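Topology and contacts: notes
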Amino acid sequence: MNQIEITWGEFREILLQNQGFDLQFRYDDGKLISPSYHITEIKQAPVTSVDCGGAMNAWTEVIVQLMEPATNTQLRPMKVHKALSIIAIVEKKLPLNPSAIVKIEFGNAGFDTRQMHPGQFIISGDELTIDLTPGSVQCKAVDRGGSCGTPAEKQKVDLKNLAANACCAPGGGCC
């Protein structure tokens, strides 16, 4: 795969190791999400697909949704331990697959909502900043050495001249 993927288990472990820090997210060329952000939802999504080469694929994603409120009332982002308390509430009702791929879903008035991968985890002062990186489209068939479902040599088809067939002529009785 082109992008770096981190599992839910790895992501959660990094948070557990840095509980005392402020938790910040960086997106779109160094912009920081407002410190007033909320974790609004954590989703677990099983994905089943068939790629262009005809192979079945299956994986699970855990998607952490962030939202900036209309008014920025908080000057500092939430602490990592607060994020972990939200995660604990979720995990009481929905056991999250530790092998699932993590994505962070975010958007605001100037940035279309999208799912991004946690890239670097940067500690600076009292802040843990997670650098979000966009995903990329991939061709699983080509990645595994196959083809995109298009045969190397196209099959030749005989075309029939329907106009030469008398049954389709006016009065031929085909209509």
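Quick caveat, the model's predicted, so the values are computed rather than measured.

How each quantity is defined
- Per chain, residues are indexed from 1 in the order of the written sequence.
- With pLDDT at 70 or above as the cut-off, local features in this predicted model cover only qualifying residues; side-chain atom pairs require 80 or more to be listed or tallied, and sums for whole chains, interfaces and linings still use all residues.
- Heavy atoms from the whole structure form the basis of all side-chain values; hydrogens and water molecules are not counted.
- In this description, strands pair whenever DSSP reports at least two bridges between them.
- Only runs of H or I of at least four residues qualify as helices and only runs of E of at least two qualify as strands under DSSP, and these elements are numbered from the N terminus.
- By definition, residues are in contact when any of their heavy atoms lie within 4.5 Å.
- Lines fitted to C-alpha atoms define the axes, with helix axes restricted to the stretch in contact, and inter-axis angles between N-to-C directions lie between 0 and 180 degrees.
- Using a 1.4 Å probe on the protein chains alone, a residue whose accessible area is under 20% of its type maximum counts as buried, one over 50% counts as exposed, and one in between counts as partly exposed.
- Throughout, a disulfide means two cysteine sulfur atoms within 2.5 Å of one another.
- The pairing test for Phe, Tyr and Trp rings, Trp by its six-membered ring, is centres within 6.5 Å, and the orientation test on the planes gives stacked under 30 degrees, edge-to-face over 60, and tilted for anything in between.
- Criterion for a charge above a ring: Lys NZ or Arg CZ within 6 Å of the ring centre, and within 35 degrees of the ring normal.

**Considering the sheet that holds strand 1 (residues 22-27)**
Strand order across the open sheet formed by seven strands is 2-1-7-6-5-4-3, with mixed pairing between neighbours. Each of the sheet's edge strands pairs with one partner strand only, and the pair in question is strand 2 (31-32) and strand 3 (38-50). Bridging between strand 6 (residues 111-124) and strand 7 (residues 127-134) involves seven bridges; their strand directions are antiparallel. Paired with Phe121 across the two strands is Ile130, which belongs to strand 7. The strands that helix 2 (residues 80-93) touches are strand 1, strand 3 and strand 7; relative to strand 3, the one it contacts most, it runs at about 55°.

**Observations regarding the environment of Leu16**
For Leu16, the location among the structural elements is in helix 1 (residues 8-17). A relative accessible area of 32% means that Leu16 is categorised as partly exposed.

**A word on the state of the cysteines**
All chains considered together, the criterion is met by zero disulfides. There is no disulfide at Cys52, and the cysteine sulfur nearest it, in Cys139, is 3.6 Å away. For Cys52, a relative accessible area of 41% corresponds to the partly exposed category.

**Some thoughts on the packing of aromatic side chains**
Inspection of the entire model under this criterion finds six aromatic pairs. Among the aromatic side chains, those forming a connected cluster through ring pairs are Trp8, Phe11 and Phe121. For the cation-ring pair, Arg114 lies above Phe111, with the distance from its terminal atom to the ring centre recorded as 4.0 Å.

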